[in-house]
Amino acid sequence: MTHYFDAWLESLAARDATIEKMFWMGVSLVLTWLLFHWLERKGLLFSKKVNGWIMSAMLWGGQALYWGTIIYTWIES
Amino acid sequence: MTRKNVLITTFIALGLRMFLLINAPLWYDESFTAWVSAQPFGAMIDALMGDTHPPLYYLITWAMVHISGTNPVRMAFWLRLPSAIFSAAAVYQTWMISQSVRWPKRAEIAALVMMTISPFQVFYAQEARMYAFMQFFVLLAFWAILDRRWKLATVSMIALVYTQNYGLFYMVALGLAALYRERAALRNTGTWLRLGLVFGLPILTWLPWAWVMFYQMSIIEGGYWITPPTAGAVISAVYMVLFGLAQAEPIHILTVVGAVALLILAFLRLIQKRPQGFVPLAILGAVPVILPVIVSWVWSPIFLYRGLIAAAPALYLIIGWWWGRISKPVLRWYAVTLVAPVMLVGLVNYYAHNPKGGTDRLLGVVNAIRAEYQEGDIIYHVDAGSMVGWWTYGDKEIPQFKAPLPPTCQPGEETLGGLSAHTRRALGIREVPLDEIRHNRVFVVWGQGPTSRSCWADYYAYLIDGEPFHLSEDSRYVLSGVWLYDN
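Quantities reported herein were computed from a predicted structural model and do not represent experimental measurements. (Residues numbered from 1 in each chain as written. Chains lettered and ligands numbered in written order. Predicted model: local features only at pLDDT ≥ 70, side-chain atom pairs only at ≥ 80, totals over all residues.)

To continue, consider the overall build of chain A. Within chain A, the regular secondary structure consists of two helices and zero strands. For 77 residues, the compact-globule estimate of 2.2 N^0.38 gives 11 Å, and chain A exceeds it by more than 25% at 20 Å. Dimensions along the principal axes, computed over C-alpha positions, put chain A at roughly 65 × 35 × 10 Å. In chain A, which comprises 77 residues, the proportion classed as buried is 8%. (Helix = DSSP H or I, 4+ residues; strand = E, 2+ residues; numbered from the N terminus. Rg over C-alpha atoms; globule rule 2.2 N^0.38 Å. Buried ≥ 20, exposed ≤ 12 C-beta atoms within 10 Å, placed from the backbone.)

Put into structure tokens, the structure is as follows:
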């Protein structure tokens, strides 16, 4: 094969490394979510009110990050 | 959803699939479809025997090209039209399946919306290849099995195995779904006889083609371009099938992370709650992803993301079910604000920058040669790849030849995934050393990329000695252009 093939394999390996990182980030997100709910159910966290604040902060913080990134990317492009 | 609303959704889907249908030129694979379909019927079948796909889809495209003629724009419309129609039909079929498994209404709506606007679905609805066609038969057979319409299931599966080799993986998924559907009656011999007939007939009917398929596999052995499926390749494939084409980099990270989280949560909840009808859907969503990975490990790499297209409706129904179960409306809409932009941005991106790649390079070559061509000139393609696009967009009257296998290469040591010698013969491609062709001037068309072989590039390097007449691309991955020589 030619050096173009090697370059292609390198790009595939880079894609794999990136997407595998994203996959584990997704898994971590789910685990954090499940852990939070489990602790909440077991009563091992804070008061119901504080738990609600934490939950809201996670949800709306995530939403702000998401839309912030979309708008930033749009402006940049 | 009522039938009327589903029909309206299906027509919206058809509209999205017809919108800018011929905006992008036919790319390499589509031009191949066009070229073989324009042959006399016998020559077309002969050409396909040297390719990697079964012939059923080409019966339609053969008719289409013979209706449209070979004008590239008309041909693009007529060749892509069946894909658009079959893809829109898949929206209706998703509803039929949802009704069969008595899926919740909210989940049904979510799945139908995602099917309608999915950039991945729209991409293959506007491609003159067999993927939308394959999806149609998978969903028809799946619905027929759920509804115990065994004759329809049999006919659909016969069509499926003659449409795409991935049909065999879907047959396994359909078989498992049928076993589950009939699980209460498996002690009954009659059930086994019926299932044997329903699945045996497609396999028996396929057997004559199996010989051809083994021949095809022997031709391409060691010369196929698909790389072994890594974990990254599988994750990437599932993401693409669900949410379409790559977004801009920062959004891409968020959407992949979100999609992974969404799928894991949906499957976890599905296994926990086990709603009625979830098993067949989980089978259709997971088996076509898992089986090709296993086959790739134990035999040869064959995992290809576009083959997973027919798993998408089941995955959308599962994600829709999870979404529909979110009890608080505010959280349900929260989820919508995360998923909808991914799909809509993907769809708009698709229309704006249709990534059916590579043809721009070829059109540059065509225009450059057309502007300079004189009587007595010839075109010499070092690789057959450029001949495929040339057939669609170039002047067919200009004499064309292809460089033969260099003596420094082993037999079969050719461009990975390129036209096989069998197909080239059937298409009437002339392979002659340049010094044996009478000509005034020669346009050498050079296309070298990741799938090219170094023995070809080294042997024919003298043909690109000097300044190019037209350089299409000189990048890390591709060197392509035209070199012009006087005799």
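What follows concerns the interface of chain A and chain B. Taken together, the contacts link 27 residues of chain A with 32 residues of chain B. For the side of chain A that touches chain B, the elements supplying multiple residues, two or more each, are helix H1 (3-41) and helix H2 (48-76) of chain A. Top contributing element to the side of chain A that touches chain B by residue count: H1 of chain A, with 17 residues. Of the residues belonging to the side of chain A that touches chain B, the class tally is 18 nonpolar, six polar and three charged. (Contact = placed C-beta atoms within 7 Å. Nonpolar A, V, L, I, M, F, W, Y, C, P; charged D, E, K, R; others polar.)

Another aspect to go through is the domain arrangement of chain A. Split by domain assignment, chain A resolves into domain 1 (1-45) and domain 2 (47-77). Between domain 1 of chain A and domain 2 of chain A, the C-alpha centre-to-centre distance is 20 Å. (Domains from an automatic or database assignment.)

Residue and element names in this part refer to chain B. With 15 residues, helix H10 (residues 167-181) ought to run about 21 Å at 1.5 Å a step, and its terminal C-alpha atoms sit 20 Å apart, in line with that. Three or more residues of H10 are buried, namely Gly167, Phe169, Tyr170, Ala173, Leu174, Ala177 and Ala178. In this structure, the buried side of H10 is in contact with helix H8 (131-146), helix H9 (150-161), helix H11 (189-220) and helix H14 (278-298). (Expected span 1.5 Å × (residues − 1).)

Below, the discussion takes up the pairing of strand E1 (residues 378-381) of chain B. Residues and elements named next belong to chain B. Across four bridges, the pairing between E1 and strand E3 (residues 441-448) is parallel. Looking across to E3, one finds that histidine 381 is bridged to valine 445. Where E1 and strand E2 (residues 400-402) come together, three bridges link them in parallel fashion. Bridging from a neighbouring strand, isoleucine 379 pairs with glutamine 400 of E2. The parallel pair E1 and E2 is bridged by helix H18 (residues 385-393), and the resulting crossover is right-handed. (Pairing = 2+ DSSP bridges. Right-handed = clockwise from strand over helix to strand, strands pointing away.)

Our focus in this paragraph is the sheet that holds E3 of chain B. All names here are of chain B. An order of E2-E1-E3-E5-E4 is seen for the five strands of this open sheet, with the pairing classed as mixed. Among the strands making up the open sheet, the edge pair consists of E2 and strand E4 (470-474). Neighbour-to-neighbour, the strand axes of the sheet open up by a mean angle of 20°, direction not taken into account. Helix-sheet contacts for helix H17 (residues 359-372) involve E1, E3, E4 and strand E5 (479-486), and the interaxial angle to E4 is about 165°. (Axes fitted to C-alpha atoms, helices over the stretch in contact; angles between N-to-C directions.)

Moving on: the environment of valine 348 of chain B. Tracing the backbone through its elements, the reader meets valine 348 of chain B in helix H16 (residues 329-352). Once the C-alpha coordinates of valine 348 of chain B and proline 40 of chain B are considered, the two residues, 308 residues apart in sequence, prove to be 39 Å apart.

Residue and element names in this part refer to chain B. Split by domain assignment, chain B resolves into domain 1 (3-352) and domain 2 (359-486). Taking only C-alpha atoms into account, the centre of domain 1 sits 35 Å from that of domain 2. Taken together, the contact pairs 20 residues of domain 1 with 18 residues of domain 2. Secondary structure elements with two or more residues in the side of domain 1 that touches domain 2: helix H2 (28-37), helix H3 (41-49) and H11.

So, on to the packing of H8 of chain B against H9 of chain B. Residue and element names in this part refer to chain B. Two elements in contact, H8 and H9, have axes whose closest approach is 8 Å; the angle formed by their N-to-C orientations is 155°. Between H8 and H9, the angle falls in the class roughly antiparallel. Relative to H9, H8 is oriented so that their crossing is left-handed. Seen from H8, the contacting residues are Met134, Phe137, Val138, Leu140, Ala141, Ala144 and Ile145; seen from H9, they are Leu152, Ala153, Ser156, Met157, Ala159 and Leu160. (Parallel < 35°, antiparallel > 145°, perpendicular 65-115°, else oblique. Left-handed = near helix turned anticlockwise from the far one by under 90°.)

This part covers the environment of tryptophan 323 of chain B. Residues and elements named next belong to chain B. Structurally, tryptophan 323 can be placed in helix H15 (residues 312-324). When the 22 C-beta atoms within 10 Å are taken as the criterion, tryptophan 323 is described as buried. Sequence separation between tryptophan 323 and phenylalanine 136 is 187 residues; the distance between their C-alpha atoms is 26 Å. Beyond its immediate stretch of four places on either side in the chain, tryptophan 323 contacts Ala110, Arg332 and Ala335.

This part is about the nonpolar core. Residue and element names in this part refer to chain B. If you look at the biggest cluster of nonpolar residues, it comprises 150 residues, and the most contacted ones within it are Ala141, Phe142, Val241 and Ile318. At 15 residues, the largest contribution of residues to this core is made by H8. Setting aside residues up to four positions removed in sequence, isoleucine 318 forms contacts with Ala266, Leu270, Leu281, Ala282 and Gly285. (Core = buried A, V, L, I, M, F, W, Y, C linked by C-beta atoms within 7 Å.)

It is worth spelling out the packing of helix H4 (residues 56-68) of chain B against helix H5 (residues 72-100) of chain B at this point. Residue and element names in this part refer to chain B. In the contact formed by H4 and H5, the axes pass within 9 Å of each other and the chain directions differ by 150°. Classified by the angle between their axes, H4 and H5 sit roughly antiparallel to one another. Between H4 and H5 lies a crossing whose hand is right-handed. Contacts between H4 and H5 involve Ile60, Thr61, Met64, Val65, Ile67 and Ser68 on the former and, on the latter, Arg74, Met75, Trp78, Leu79 and Pro82. The class makeup of the residues in the contact of H4 with H5 is eight nonpolar, two polar and one charged.

Residues and elements named next belong to chain B. The phi angle at arginine 148 is positive, at roughly 55°, despite the residue not being glycine. As for its placement among the helices and strands, arginine 148 is situated in the loop between H8 and H9. Judged by the 13 C-beta atoms lying within 10 Å of it, arginine 148 is partly exposed. Phi at arginine 274 takes a positive value of approximately 45°, unusual for a residue other than glycine. Relative to the assigned elements, arginine 274 resides in the loop between helix H13 (249-273) and H14.

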